[in-house]
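One-letter residues, chain by chain:
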Amino acid sequence: MSEYQLYKQQVVDTCHSLLERGYLKETEGNISARISGQNTFAITPSNYDYAKMQANDICILDFDMQRVEGEMKPSVESGMHAGVYQTRPDVHCIIHTHQPYASALALIKSPIPALFDEQVARLGRSVDIIPYAPSGTGFLKNAVKAKVKNNNNAFILQNHGVLVFGVTMEQAIHNMALLEKCALTYLLALMTEKKVSKIPLPIREIAFAKLRADEKKFAEIN
Ligand SMILES: [Zn+2]
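Computed from a predicted model, the values in this text were never measured in an experiment.

A.B. asks: I'd like a description of the overall build of the protein, backed by residues and values.
C.D. replies: The number of helices and strands found in the protein is seven helices and eight strands. Taking 2.2 N^0.38 as the reference for a compact globule, 222 residues should give roughly 17 Å; the C-alpha atoms of the protein span a radius of gyration of 17 Å, in line with that estimate. In terms of principal-axis extent, the alpha carbons of the protein reach across some 55 × 35 × 30 Å. Split into buried and exposed, the 222 residues of the protein put 51% on the buried side. Looking at the protein alone, contacts between residues at least 24 apart form 66% of all its contacts between residues at least 6 apart.

So this is what it looks like as structure tokens:
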């Protein structure tokens, strides 16, 4: 059995779970997991139906995009995932989807400010917009690398979708669902055209500092 089997299975199980829950459709989006202690990661193949996907279809790449294991063509967004792993040692799992409510905010280029305590405790100070660049290009990879340095865990890709991180796959899934809930609630609030209130700044800073401390601790031991 491949030394990467557990990572491949984790990625494919996550795909099936998110497909069932409606966050992924057909072949859209991509999911990856960092291989602990290596400059490699497991990522979904390009343009392949999630319903048919099995562990052996998952690709293992190094951070220079060289294939380590797997027969299928890796996701066109592999460079973007590698860029995040290189920039953020605390990130061990990445989920990219085109989930509809957050994608609506991607069209009006509206970042999500600090609306809820649990949002800041998991996603960071705000959910920012990463400026548009075509899928699968170095332009998008560079735009992502520049933005994720702010240490938040959820981002909206302008006219595209979302990018969500976790120290574990469980947390990445939780963060992705939390982002969609925040996006929907924020859209509903915006539609009233009344002023949207935010949580107090000191509370935001305390929650974010705790999140960063936990992530640094995790990055040191993994
Ligand atoms: Zn996409």
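Okay, back to it.
A.B. asks: Quick one: what's the story with the pattern of salt bridges, residue by residue and with numbers?
C.D. replies: Between side chains of opposite charge, a pair can form when the charged atoms approach closely. As enumerated under the stated definition, the model contains eight salt bridges in all. Residue Asp-90 is joined to Arg-212 by a salt bridge in which the shortest nitrogen-to-oxygen separation is 3.5 Å. Here Arg-212 lies in helix 7 (residues 201-221) and Asp-90 lies in the loop between helix 2 (78-87) and strand 5 (93-97), a separation of 122 residues in the sequence. Owing to a relative accessible area of 5%, Asp-90 belongs among the buried residues under this scheme. A residue is classified by how much of its surface remains accessible, and Arg-212, at 12% relative accessible area, is buried.

A.B. asks: If you had to explain the packing of aromatic side chains to someone new, which residues and values would you point to?
C.D. replies: One pass over the structure, following the stated rule, counts four aromatic pairs. Judged by centre distance (6.0 Å) and plane angle (35 degrees), the ring pair of Phe-41 and Phe-63 falls under tilted. Highlighted residues: Phe-41 in strand 2 (residues 40-43) and Phe-63 in the loop between strand 3 (59-62) and strand 4 (67-69), separated in sequence by 22 residues. In this structure, Phe-41 and Phe-63 share a single accessibility class: buried. Measuring from centroid to centroid gives 6.2 Å for Phe-63 and Tyr-85, while their planes differ by 15 degrees, and the two rings are stacked. With Phe-63 in the loop between strand 3 and strand 4 and Tyr-85 in helix 2, this residue pair connects regions lying 22 residues apart in the sequence. The same class applies to Phe-63 as to Tyr-85, namely buried. Here a set of aromatic residues connected by ring pairs shows up, and it is made of Phe-41, Phe-63 and Tyr-85.

A.B. asks: Let's hear about helix 5 (residues 138-148): which residues, and what values?
C.D. replies: What helix 5 keeps buried is the set Leu-140, Ala-143, Val-144 and Val-148. Angularly, the buried residues of helix 5 cover 120 degrees about the axis, an arc narrow enough to put them on a single face. Exposed side of helix 5, more than 90 degrees from the buried face: Phe-139, Asn-142 and Ala-146 are the residues found there.

A.B. asks: For the coordination of the zinc ion, give the residues involved together with the corresponding values.
C.D. replies: Here the zinc ion is held by His-96 (NE2), His-98 (NE2) and His-160 (NE2), and the distances to it run 2.1 Å. Mapping the donors of the zinc ion onto the primary sequence yields the spacing H-x1-H-x61-H. One end of the pair, His-96, is in strand 5; the other, His-160, is in the loop between strand 7 (154-157) and strand 8 (161-166), and 64 residues separate them in sequence. With respect to class, His-96 is no different from His-160; both count as buried.

A.B. asks: Give a detailed account of a nonpolar patch on the surface, specifying residues and quantitative values.
C.D. replies: Residues Tyr-101, Leu-184, Leu-188 and Met-191 make up a contiguous nonpolar surface patch of about 410 Å² in total accessible area. Its place among the elements puts Tyr-101 in helix 3 (residues 100-107).

A.B. asks: Before we move on, can you summarise helix 7 with the specific residues and values?
C.D. replies: Look at helix 7: 31 Å from first C-alpha to last across 21 residues, which is about the 30 Å you get at 1.5 Å a residue. All of the buried residues in helix 7 are Ala-207, Phe-208, Leu-211, Arg-212, Glu-215 and Phe-218. Around the axis of helix 7, the buried residues are gathered within 135 degrees of arc, so they sit on the same side. Exposed residues lying more than 90 degrees from the buried face of helix 7 are Pro-202, Ile-206, Lys-210, Lys-216, Lys-217, Glu-220 and Ile-221. As for helix 7, its buried residues are in contact with helix 4 (117-123).

What counts and what doesn't
- Throughout this description, residue numbers start from 1 for each chain and increase along the sequence as written.
- For a predicted model such as this one, the threshold for reporting local features is a pLDDT of at least 70, and the threshold for listing and counting side-chain atom pairs is 80 or more; totals across whole chains, interfaces and linings nevertheless cover every residue.
- Side-chain measures were taken over the full set of non-hydrogen atoms in the model, leaving aside hydrogen atoms and water.
- Strands here mean DSSP runs of E at least two residues long; helices mean DSSP runs of H or I at least four residues long; both are numbered from the N terminus.
- Radius of gyration here uses only the C-alpha atoms, and the compact-globule reference equals 2.2 Å multiplied by the residue count raised to the power 0.38.
- A simple rule labels every residue: compare its accessible area, found with a 1.4 Å probe on the protein chains alone, to the largest value its type can have, and call it buried under 20%, exposed over 50%, or partly exposed in between.
- Contacts between residues were defined by any pair of non-hydrogen atoms, one from each residue, lying within 4.5 Å.
- Salt bridges, as used here, are contacts in which a Lys or Arg side-chain nitrogen is within 4 Å of a carboxyl oxygen on Asp or Glu.
- To pair, rings of Phe, Tyr and Trp, with the six-membered ring standing in for Trp, must have centres within 6.5 Å; the planes then decide the type, stacked if under 30 degrees apart, edge-to-face if over 60, and tilted in the middle.
- It is the directions from the helix axis to the C-beta atoms that the arc portrays.
- For Na, K and Ca the donor cut-off is 3.2 Å; for every other metal, N, O and S atoms count as donors within 2.8 Å. Water does not enter the count, which can leave sites looking incomplete.
- What makes a patch is a set of residues exposed beyond 30% relative accessible area and free of salt bridges, joined within 9 Å when like-charged and within 5 Å when nonpolar (Val, Leu, Ile, Met, Phe, Trp, Tyr).
- Surface accessibility in these figures is a Shrake-Rupley result with a 1.4 Å probe; residues are shielded only by whichever protein chains are displayed.
- By this rule the span expected of a helix is its residue count minus one, scaled by 1.5 Å.

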